[in-house]
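# Examining the three-dimensional arrangement
Here is how the chains run, residue by residue.
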Amino acid sequence: MNISVLGATGSIGTQTLDVVRKCLPNARVRVLTGNANVPLLAALTDEFRPDMVWVPDGARAIELEKLLQHKGVKTEILTGDDELIACAVHDPVEVVVNALVGKAGLSPTLAAIRAGKDIALANKESLVTAGGLIMGLARDNNVRIVPIDSEHSAILQCLQGKLTGNDVGVEKIILTASGGPFRTWPQEHIAAATAADALRHPNWTMGPKITIDSATLMNKGLELIEAMWLFGQPMENIEILVHPQSIIHSMVQFIDGAIMAQMGTPDMRLPILYALAGPDRVSNNYPRLDFLTTKDLTFEAPDMKRFPCLALAKHAADVGGTLPAVMNAVNEWAVGRYLNNKIDFYGISALIAEAFDSYTVKEVNDIADIHEAEAWAMEFVNLMGTA
Ligand code: NDP
Ligand code: MG
């Protein structure tokens, strides 16, 4: 299997390469992309010897070239937006792992599908903004969109590898959520929480953007929309259930009342492995779950008052059209501001709510509609940011 790893230097990217190293001896990494972490990208390029490697600009390309000097690496170094697309469609590649963060992930996803590549998708933002386009294109090009997100991998595993639940008697999907680091905090403490507080996630170590999304519960909202598109289910059929231990990664309830749950340690390498090898099972030495030392498994309803981002995402899911793209873009910008201590925790949801009030939703017919919605969102946040 030939794979490309977009976002190779990130949390999912590096774990994907760990899976390749330890579990998939027949996988060949043909493309790697990075962004700011050039030293890591250089080390990975030296190790995997891909055909091509990508960084955003010429300055980083020069830095990378210097680091690879004298290593005898023949990898071509590419830069710029068009060349990122070239990475997504590289001929020998069968599976594109999209581990880019945020809206940067959409164009490569669409290009890879058009080129007939299967997608192992971590970049949930692609599906949130353009789920209809992606799933339609995937059908037309006979391409599989396999989720890396642990909850969606769990659902897929409960469905025995089938991407649609309609022919196997699904009654509802139960999407579990850890509740994030502020699950038990009173609202006034959450209001004063810093980015450093939010970055201390109880169960998972992830990139900064998704860690903040987990603290606001926007991540669960994005995952709700992701699940609707991936599994063709209406919002009413997807229940969000807080399960603080992150042992049950999600469940499917069938029309006879039976429920399948997928469990395991909170280790992203397992869903990554399933995305690349599933429905086959591949043995590995990753840590196992020990039920005797596992404390209680508990469940509670999400609190949309303390976590208004979840309510906003449900609204966007319900309205549809270009609204999820606007929400996603405003959220990404606001999370960046929060990470830089420029706005407070509830500033994120307040900004999204204001955007919703000012925006006129449109239908999504093609990618231009998404780009227009994102451009509107950027204009909106720039106005708000300088107000
Ligand atoms: P990280 O921030 O750790 O990694 C993001 C990757 O994308 C890095 O390789 C980064 O390069 C690169 N990158 C960042 N900005 C750009 C850009 N503008 N253009 C091109 N490349 C860029 O994120 P995660 O790995 O945590 O998340 C990736 C995706 O996976 C997200 O959509 C997230 O929601 C999803 N996901 C993540 C999970 C996790 O456990 N981490 C779990 C489930 C889903 P560099 O680091 O060199 O700057
Ligand atoms: Mg998840």
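Placed above this text is the structure.
Residues numbered from 1 in each chain as written. Chains lettered and ligands numbered in written order. Predicted model: local features only at pLDDT ≥ 70, side-chain atom pairs only at ≥ 80, totals over all residues. Heavy atoms only, no water.

### Focus: a nonpolar patch on the surface
Together, Met263, Phe291, Leu297 and Phe299 give the surface a local cluster of nonpolar side chains, amounting to about 370 Å² of exposed area. Relative to the helices and strands, Phe291 resides in the loop between helix 12 (269–277) and helix 13 (308–319). (Patch = residues over 30% accessible without salt bridge, like charges linked within 9 Å, V, L, I, M, F, W, Y side chains within 5 Å. Areas by Shrake-Rupley, 256 points an atom, 1.4 Å probe, with all protein chains shown as cover. Salt bridge = Lys/Arg side-chain N within 4 Å of Asp/Glu carboxyl O. Helix = DSSP H or I, 4+ residues; strand = E, 2+ residues; numbered from the N terminus.)

### Observations concerning the site of ligand 1
Contacts to ligand 1 come from 24 residues, most closely from Thr9, Ser11, Ala36, Glu125 and Gly207. Contact distances for ligand 1 include 2.8 Å between an oxygen atom and a backbone N or O atom of Ser11. Within the backbone of Leu100, a nitrogen or oxygen atom sits 3.5 Å from an oxygen atom of ligand 1. Within the complex, 85% of the 890 Å² of free accessible area of ligand 1 lies under protein. Its residues assigned to classes, the shell around ligand 1 comprises 12 nonpolar, 9 polar and 3 charged. (Near = heavy atom within 4 Å. Polar contact = N/O pair within 3.5 Å; in protein donor to acceptor, adjacent residues only side chain to side chain. Nonpolar A, V, L, I, M, F, W, Y, C, P; charged D, E, K, R; others polar.)

### A short note on the sheet that holds strand 1 (residues 2–6)
The strand order 4-3-2-1-5-6-7 describes an open sheet built from 7 strands, whose pairing is parallel. Each edge of the open sheet is held by one strand with a lone partner, namely strand 4 (76–79) and strand 7 (145–147). Averaged over all pairs of adjacent strands, the angle between their axes in this sheet comes to 20°, without regard to strand direction. In this sheet, strand 2 (residues 28–33) lies alongside strand 1 in parallel orientation, the contact comprising 4 bridges. (Pairing = 2+ DSSP bridges. Axes fitted to C-alpha atoms, helices over the stretch in contact; angles between N-to-C directions.)

### Observations regarding the pattern of salt bridges
Here the idea is simple: oppositely charged side chains can pair when their charged atoms come close. Scanning all chains against the criterion turns up 16 salt bridges. Across the pair Lys220 and Glu223 runs a salt bridge, and its minimum N-O distance is 2.5 Å. Here Glu223 and Lys220 lie together in helix 11 (residues 218–231), a separation of 3 residues that amounts to about one turn. Looking at Lys220, the relative accessible area reads 5%, which means it is buried. (Buried < 20%, exposed > 50% of the residue type's maximum accessible area, 1.4 Å probe, protein only.)

### Describing the coordination of the magnesium ion (ligand 2)
Ideal values for angles at a metal depend on the geometry: 109.5 degrees with four tetrahedral donors, 90 or 180 degrees with six octahedral donors. In this structure, Asp149 (OD), Glu151 (OE) and Glu223 (OE) serve as the protein donors to the magnesium ion (ligand 2), at separations of 2.1 to 2.2 Å. For the magnesium ion (ligand 2), the donor residues sit on a single chain with the sequence spacing D-x1-E-x71-E. Residue Asp149 is located in the loop between strand 7 and helix 7 (150–158), and its partner Glu223 is located in helix 11; the two are separated by 74 residues in the primary sequence. (Donors = N, O, S within 2.8 Å, 3.2 Å for Na, K, Ca; no water.)

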